[in-house]
Amino acid sequence: MTISIEYVILRHLRMELKSPFTTSFGTFQAKEFLLVEAVDRDGVSGWGESVAFAAPWYSEETVKTNWHMLEDFLVPLALAEPIDHPEELSTRFNAIRQNHMAKAALEGAVWDVYAKRLGVPLYQALGGTKKEIEVGVSIGIQPTVGDLLRVIERYVAQGYRRIKVKIKPGWDVDVIREVRRVFPNVPLMADANSAYTLADVDRLKALDEFGLMMIEQPLAADDLIDHARLQPLLETPICLDESVRSYDDARKALDLGSCRIINIKIGRVGGLREAKRIHDLCAERGVPVWCGGMLEAGIGRAHNIAITTLENFTLPGDTAASSHYWERDLIIPEVEVDDGLIRVPDAPGIGYSIDRRQVERYTQFAKVFHRATT
Ligand SMILES: O=C(O)CCC(=O)c1ccccc1C(=O)O
Ligand SMILES: [Mg+2]
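Residues numbered from 1 in each chain as written. Chains lettered and ligands numbered in written order. Predicted model: local features only at pLDDT ≥ 70, side-chain atom pairs only at ≥ 80, totals over all residues. Heavy atoms only, no water.

1. Comments concerning the packing of aromatic side chains
Then comes step 1: The tally for this structure, following the rule as stated, stands at 9 aromatic pairs.
Then comes step 2: Plain terms: the ring middles of phenylalanine 25 and phenylalanine 28 are 6.2 Å apart, the flat faces sit at 85° to each other, and that makes the pair edge-to-face.
Then comes step 3: Here phenylalanine 28 falls in the buried class, since its relative accessible area comes to 7%.
Then comes step 4: Joined through ring pairs, the aromatic side chains of Phe25, Phe28, Phe53, Trp57 and Tyr58 make up one cluster.
Then comes step 5: Taking NZ or CZ as reference, arginine 162 lies 4.9 Å from the ring centre of tryptophan 290, over its face.
Then comes step 6: One Lys or Arg, arginine 277, reaches over the ring of tyrosine 247 and ends 4.1 Å from the middle of that ring. (Phe/Tyr/Trp six-rings, centres within 6.5 Å; stacked < 30°, edge-to-face > 60°. Buried < 20%, exposed > 50% of the residue type's maximum accessible area, 1.4 Å probe, protein only. Lys NZ or Arg CZ within 6 Å of the ring centre and 35° of its normal.)

See the structure below:
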């Protein structure tokens, strides 16, 4: 099948979060992000969402660097010549270093076009098999432990399959102890977003007694070596997030013993193809994976749901319901979670329709890029 992209629309959106989300690196009140719409010769529209944030806290990419990369390098590559498969676009993008979130947003839009042209749901085009996926929820740092306990209570009652709590030095051992006292059996994990160093090994070891499913990204965002030193000192499995940006990072992390679990984020690793390669590697090595989140709106959420249908996504991910983040999401229907499960939609492509009125409402500016006419 030939996919010929005629034009691409970049939109810059801003949406208020229902409640602020605090991590060890900062607080999000609102989300600014880019949507990519790729339209082919026959008018088939595919959608992707960039997961880059406004500020370079999680990684060096930002909404503005993504716009720049897309406008000046990636969109021209997508418009240059037709492709036979979305994987060809990833190969074309290899000519450009890093900038994974920008690449993933456009690659994702083209995957959506491809699946829609085939008339199959994106998850099937990716080789996924699950009809429903298990999900957990990520809970930001709260003003007090009492607040945290109330929030957890609410999500446990809603049936989420595991609770993830953000930690940082000073909001860790005592907080987790209290959570465990009140919820002795809840599947629980902690995400440090790189807030510790090897000097904190005693504090990290102190978490072992709480039976956490894993501790996510305790050390530096670019580190594999120190994590490999830390893992044998802990009983709790380490899960890497920030440090795994590619298949090769994943291979090295597993060879070194830097982690026992990997959080796969499509944007962080540069797209669906790379996400699937990491999934397949981990499956071969018997290492479980799960799908992380970046406070996505509906389109990013739909892509996360599709990749999570691959069989080695055996641990609940961070793809919570639309209503966890947004008063009203950009897709119809919104993502709903029932007893900790999301039913995977069967419509072609990402499986949800775009609420164009909502998209317009939150769009601050947009630009259209056409294929050069010959
Ligand atoms: O609910 C989500 O989308 C994931 C929330 C989350 O944990 C997170 C949110 C923003 C930046 C980084 C992370 C993370 O997984 O580390
Ligand atoms: Mg994380």
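Additional details are given in the paragraphs that follow.
2. Points about the UniProt feature "domain: Mandelate racemase/muconate lactonizing enzyme C-terminal" (unreviewed entry) in the chain
Then comes step 1: Using the residue numbers shown here, the UniProt feature "domain: Mandelate racemase/muconate lactonizing enzyme C-terminal" (unreviewed entry) corresponds to residues 145-237.
Then comes step 2: Secondary structure within residues 145-237 divides into 37% helix and 11% strand; the distance between the first and last C-alpha atoms comes to 25 Å. (UniProt positions renumbered as here; feature names shortened; annotations may be inferred. Helix = DSSP H or I, 4+ residues; strand = E, 2+ residues; numbered from the N terminus.)

3. Here's the deal with the domain arrangement of the chain
Often, the extent of an interface is quoted as the loss of accessible area upon association of its parts.
Then comes step 1: Annotation of the chain at the domain level lists domain 1 (5-120 + 353-370) and domain 2 (124-343).
Then comes step 2: Between the C-alpha centres of domain 1 and domain 2 the distance comes to 23 Å.
Then comes step 3: The interface is formed by 43 residues belonging to domain 1 together with 43 residues belonging to domain 2.
Then comes step 4: Regarding the contact of domain 1 and domain 2, the summed buried area is about 3700 Å², with carbon and sulfur atoms giving 63% of it.
Then comes step 5: For domain 1, the biggest contributors to the area lost against domain 2 are Lys18, Phe21 and Tyr58; these three give 19% of the whole.
Then comes step 6: Counting across the domain 1 and domain 2 interface gives 2 salt bridges.
Then comes step 7: With its nearest N and O atoms 2.7 Å apart, the salt bridge here joins aspartate 355 to arginine 328. (Domains from an automatic or database assignment. Contact = heavy atoms within 4.5 Å. Buried area = accessible area lost by both parts, 1.4 Å probe. Salt bridge = Lys/Arg side-chain N within 4 Å of Asp/Glu carboxyl O.)

4. What to know about the packing of helix α2 (residues 86-93) against helix α3 (residues 100-118)
Then comes step 1: Following both chains from N to C, one finds α2 and α3 inclined at 160°, their axes separated by 9 Å at the closest point. Classed by the angle they form, the pair α2 and α3 counts as roughly antiparallel. Pair α2 / α3 crosses with right-handed handedness. Residue-level contacts link Pro86, Glu87, Leu89, Ser90 and Phe93 of α2 to Lys103, Leu106, Glu107, Val110, Trp111 and Tyr114 of α3.
Then comes step 2: Its residues assigned to classes, the contact of α2 with α3 shows 7 nonpolar, 1 polar and 3 charged. (Axes fitted to C-alpha atoms, helices over the stretch in contact; angles between N-to-C directions. Parallel < 35°, antiparallel > 145°, perpendicular 65-115°, else oblique. Left-handed = near helix turned anticlockwise from the far one by under 90°. Nonpolar A, V, L, I, M, F, W, Y, C, P; charged D, E, K, R; others polar.)

5. Comments concerning the site of ligand 1
Then comes step 1: Around ligand 1, a shell composed of 18 residues is seen, among which Ser138, Lys166, Asn193, Leu295 and Tyr325 lie nearest.
Then comes step 2: Separating an oxygen atom of ligand 1 from a side-chain N or O atom of serine 138 is a distance of 2.9 Å.
Then comes step 3: Contacts to ligand 1 include tyrosine 325, whose side-chain N or O atom sits 2.5 Å from an oxygen atom.
Then comes step 4: Looking at side-chain class alone, the shell around ligand 1 contains 7 nonpolar, 3 polar and 8 charged residues.
Then comes step 5: No fewer than three residues from each of domain 1 (5-120 + 353-370) and domain 2 (124-343) sit in the shell around ligand 1. (Near = heavy atom within 4 Å. Polar contact = N/O pair within 3.5 Å; in protein donor to acceptor, adjacent residues only side chain to side chain.)

6. Focus: the pattern of salt bridges
Then comes step 1: If you walk through the whole model with that rule in mind, you get 27 salt bridges.
Then comes step 2: The salt bridge involving arginine 177 is made with aspartate 174; its shortest N-O contact spans 3.1 Å. One end of the pair, arginine 177, and the other, aspartate 174, are both in helix α6 (residues 173-182), 3 residues apart, so they sit about a helical turn from each other.
Then comes step 3: By relative accessible area, aspartate 174 is classed as exposed at 58%.
Then comes step 4: Several salt bridges converge on common partners, so that one network encompasses Arg162, Lys164, Lys166, Asp191, Glu216 and Asp318.

7. Some points on α6
Then comes step 1: Of the positions making up α6, those classed as buried are Val173, Val175, Ile176, Val179 and Arg180. In a view along the axis of α6, the buried residues occupy a sector of 160°, so they form one face of it. Along α6, the residues that are exposed and aim more than 90 degrees away from the buried face are Asp174 and Arg181.
Then comes step 2: Where α6 is buried, its residues touch α5 (145-157), β6 (163-166), β7 (188-191) and α7 (201-205). (Arc of directions from axis to C-beta.)

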